[in-house]
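# Structural description and commentary
One-letter residues, chain by chain:
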Amino acid sequence: MALLACAAGASGPPLQPERAAPARTTCPRRHSRVEAELAASRPGSVAASVRAGPLRGVSHGFNSQQLLDEPLKASSSLAGAARTPLFALLPRGRRRRMHDLRRRWDLGSLCRALLTRGLAALGHSLKHVLGAIFSKIFGPLASVGNMDEKSNKLLLALVMLFLFAVIVLQYVCPGTECQLLRLQAFSSPVPDPYRSEDESSARFVPRYNFSRGDLLRKVDFDIKGDDLIVFLHIQKTGGTTFGRHLVRNIQLEQPCECRVGQKKCTCHRPGKRETWLFSRFSTGWSCGLHADWTELTSCVPAVVDGKRDARLRPSRNFHYITILRDPVSRYLSEWRHVQRGATWKASLHVCDGRPPTSEELPSCYTGDDWSGCPLKEFMDCPYNLANNRQVRMLSDLTLVGCYNLSVMPEKQRNKVLLESAKSNLKHMAFFGLTEFQRKTQYLFEKTFNMNFISPFTQYNTTRASSVEISEEIQKRIEGLNFLDMELYSYAKDLFLQRYQFMRQKEHQEARQKRQEQRKFLKGRFLQTHFQSQSQGQIQNLSQNQSQNPNPNANHNLTQNLIQNRTQNLIQNRTQSSSLNVSRKENRESQKQNPGQEQNDSNTSNGTNDYIGSVEKWR
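Here's a quick rundown of the structure.

### Brief notes about the state of the cysteines
- Under the definition given, this model contains five disulfides.
- There is a disulfide in this structure between Cys256 and Cys267, and the S-S distance comes to 2.1 Å. The disulfide joining Cys256 to Cys267 has a torsion of about 120° about its S-S bond and is therefore right-handed. Of this pair, Cys256 sits in the loop between helix H11 (239-248) and strand E2 (257-258) while Cys267 sits in the loop between strand E3 (265-266) and strand E4 (277-278), placing them 11 residues apart in sequence. Each member of the pair, Cys256 as well as Cys267, is classed as buried.
- This cysteine, Cys373, is not joined by any disulfide, and Cys364 carries the nearest cysteine sulfur, 9.3 Å off.

### Section: the sheet that holds strand E6 (residues 430-433)
- Pairing in this open sheet of four strands is parallel, and the strands run E4-E1-E5-E6 from one edge to the other. Of all strands in the sheet, those bounded by a partner on one side alone are E4 and E6.
- Relative to E4, strand E1 (residues 228-232) runs parallel, the two being bridged by two bridges. Bridge pairing links Val230 to Phe278 in E4.

### A word on empty space enclosed by the protein
- A complete count under the given rule lists six cavities of 30 Å³ or more for this structure.
- Here the largest cavity is characterised by a volume of approximately 100 Å³.
- In this structure, the largest cavity is lined by 13 residues; those nearest its centre are Phe231, Phe278, Trp285, Ala291 and Leu296.
- Across the lining of the largest cavity, the residue classes tally to six nonpolar, six polar and one charged.
- If you add up the space inside the second largest cavity, you get close to 80 Å³.
- Lining the second largest cavity are Leu215, Arg217, Ala429, Phe430, Phe431, Leu443, Lys446, Thr447, Arg498 and Met502.
- If you list the elements that add at least two residues to the lining of the second largest cavity, you get E6, helix H17 (437-448) and helix H19 (482-547).
- If you tally residues by element for the lining of the second largest cavity, the top one is H17, at three residues.
- By residue class, the composition of the lining of the second largest cavity is six nonpolar, one polar and three charged.

### Description of the packing of helix H13 (residues 327-339) against helix H18 (residues 471-480)
- At a minimum axis separation of 10 Å, H13 and H18 run at an interaxial angle of 95°. With respect to H18, the element H13 is oriented roughly perpendicular. Where H13 approaches H18, its residues Val328, Tyr331 and Leu332 are matched on the opposing element by Gln474, Ile477, Glu478 and Leu480.
- Here the residues of the contact of H13 with H18 sort into five nonpolar, one polar and one charged.

### Brief notes about the packing of aromatic side chains
- Under the definition given, this model contains 20 aromatic pairs.
- Centre to centre, the rings of Phe430 and Phe444 are 5.3 Å apart; their planes meet at 80°, and the pair counts as edge-to-face. You can see Phe430 sitting in strand E6 and its partner Phe444 sitting in helix H17, a full 14 residues away along the chain.
- An aromatic cluster is defined as three or more aromatic residues linked by ring pairs; in this entry it consists of Phe221, Phe231, Phe242, Trp276, Phe430, Phe444, Phe448, Phe452 and Phe456.
- Taking NZ or CZ as reference, Arg389 lies 5.6 Å from the ring centre of Trp344, over its face.
- Above the plane of the ring of Tyr499 lies Lys439, whose end atom (NZ or CZ) is 5.1 Å from the centre.

### Quick notes on the nonpolar core
- In this structure, Phe242, Trp276, Leu296, Ile321, Leu394, Phe444 and Phe448 are the most contacted members of the largest nonpolar core, which totals 70 residues.
- A per-element tally of this core places H19 first, with 11 residues.
- Residue contacts for Phe448: discarding those within four places in its chain leaves Val219, Phe221, Ile229, His319, Ile321, Ala429 and Phe430.
- Core analysis: the second largest hydrophobic core is formed by 17 residues, Tyr331, Trp344, Leu375 and Ile477 among them.

### Concerning the side chain of Arg389
- With respect to the element layout, Arg389 can be found in helix H15 (residues 389-394).
- Judged by its relative accessible area of 4%, Arg389 is buried.
- Ignoring sequence-local partners within four residues, the contact set of Arg389 consists of Ile234, Gln235, Arg330, Glu334, Trp344 and Asp484.

### Structural notes on a nonpolar patch on the surface
- Where nonpolar side chains cluster on the molecular surface, the patch consists of Leu155, Leu156, Val159, Met160, Phe162, Leu163 and Val166 and spans about 630 Å² of accessible area.
- Relative to the helices and strands, Leu156 is located in helix H8 (residues 147-172).

### Topic: the environment of Leu433
- Its location among the elements puts Leu433 in strand E6.
- The class of Leu433 is buried, set by a relative accessible area of 1%.
- A C-alpha to C-alpha distance of 8.9 Å links Leu433 and Gly238, two positions 195 residues apart in sequence.
- Beyond its immediate chain neighbours, meaning those up to four positions away, Leu433 contacts Ile323, Leu324, Thr440, Tyr488, Lys492 and Phe495.

Thresholds, definitions, all that
- Residues numbered from 1 in each chain as written.
- Predicted model: local features only at pLDDT ≥ 70, side-chain atom pairs only at ≥ 80, totals over all residues.
- Heavy atoms only, no water.
- Disulfide = S-S within 2.5 Å.
- Helix = DSSP H or I, 4+ residues; strand = E, 2+ residues; numbered from the N terminus.
- Buried < 20%, exposed > 50% of the residue type's maximum accessible area, 1.4 Å probe, protein only.
- Pairing = 2+ DSSP bridges.
- 1 Å grid on protein atoms, 1.4 Å probe; cavity = no way out; pocket = protein on both sides within 12 Å on 5 of 7 lines; lining within 4 Å.
- Points joined across faces, edges and corners; volume = space filled by probe spheres on them.
- Nonpolar A, V, L, I, M, F, W, Y, C, P; charged D, E, K, R; others polar.
- Axes fitted to C-alpha atoms, helices over the stretch in contact; angles between N-to-C directions.
- Parallel < 35°, antiparallel > 145°, perpendicular 65-115°, else oblique.
- Contact = heavy atoms within 4.5 Å.
- Phe/Tyr/Trp six-rings, centres within 6.5 Å; stacked < 30°, edge-to-face > 60°.
- Lys NZ or Arg CZ within 6 Å of the ring centre and 35° of its normal.
- Core = buried A, V, L, I, M, F, W, Y, C linked by side-chain atoms within 4.5 Å.
- Patch = residues over 30% accessible without salt bridge, like charges linked within 9 Å, V, L, I, M, F, W, Y side chains within 5 Å.
- Areas by Shrake-Rupley, 256 points an atom, 1.4 Å probe, with all protein chains shown as cover.
- Salt bridge = Lys/Arg side-chain N within 4 Å of Asp/Glu carboxyl O.

Function-wise, these values are silent; they only describe arrangement.
Printed below as a string of structure tokens:
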């Protein structure tokens, strides 16, 4: 039936391009071919030049409906009459591409297309480059299986390994505290970490005369033994930060166990269930909140060994440490802390076995706390314990009758307290200053032979530094804390002198170590030189014996060689004895001038090494 319909359509009148013919949908391929043949058979038609028969591509992409729906423009021009039939004779796919090109011809589409194709080309080339690199590196694997699959799998494994390493590094070493993540060391020279943190001059002019024993603070602290470090925590001196360093930032054989959400950590000795640190973050406030020198010296031995029999108690050494701060900054920081509601009511202030009475230590406020108090009210209270707090907490209060102010005059009391605080501070195992964090870390490490994991950080911006006060108020604060001002001046001088002494001692030890290494290398060189000389002379003797059969001559040669060696040794011994005599004289003179001890010992040691090498050769 379809063939009959197509034949009937073909036998009908010829199609007129000026008219709109109805759509034929029965057999589009046969219909389009018949229309093409009729268009080609018309006289004077431009399409007559087209080859008759089934057109390649037309039967698949030509649509008769589109040709019949488009009316030709009535024009006598041949080009105008032939433009539409020629466009219609194009394949369907090409006409669609031309239509899409006209529709999408804008700058945005062009940029997006270029960018997409550029990225695709870049990825393709990168894939080939990586494939070439992996084929060069892992060439032996090319013979086993497909190289492309192996390279892709290996690349994926390397990327996953890198991501896993980054995640582990961020977990183990978070933030910028890790030294491995600080790339400034590769780009700029490392400055001296122990330079003055307050940007002052590195040179220091001492004001007090301290002995060598006062400056050399090196404690033989054995963490596996029975000694104990006791931290005296003065309010608002940075003691909380330093206390955290003690339990979280020290390299130990058995580190402290600090659990999340708990302030206290368990700091046991290696192999023992006994603590080596007595502080807020290890044992808590066992002797009271912010216990002072008077309380700690009487409380710590009882707390540590209170459950043991007196005969079974070990002989411990209690090494007291503390941190001091500039009195004005500490006073302002305590005032801001009290403004926020701090009271320290739990402090016991035990002295001579009893706490002070309300008459001996009145309160400055009547309510639950002193929150919101202005600075003037804080300074006007005569019973405020913030005044000269550092001197009071470092001195022995039993010398002045504890908190009973009627025992001695105020001037004498202040003098006794200041001298006691200076003496206790000087004989402490260690003390640091808040304004010198890196130097504090250095002196602690040298004193106890314990190293911190990460360096201390100097914070120059604090709550106290944000308080703007006038010069008059600052002078009044200094007057209220005149004992603390003198104690801090004394402590700062002693602290910086200890630092300079330890640094010079470290430089001298490093220089001595280098000199010993040079002496060792020189001795090795002399030893090898003498051995080569002796071997050469022995070879000469053997040659002379083979050439000269006279045994007396050979004996004379050996005797001469031995005499020469003995004379050299005798000369060296005489020189060494004279040097020893001069060394004794230098020792006597060095008692008066101890700075020349190093040079004399260097010369004598070099001579002794030389003689020892010669005797070893003999």
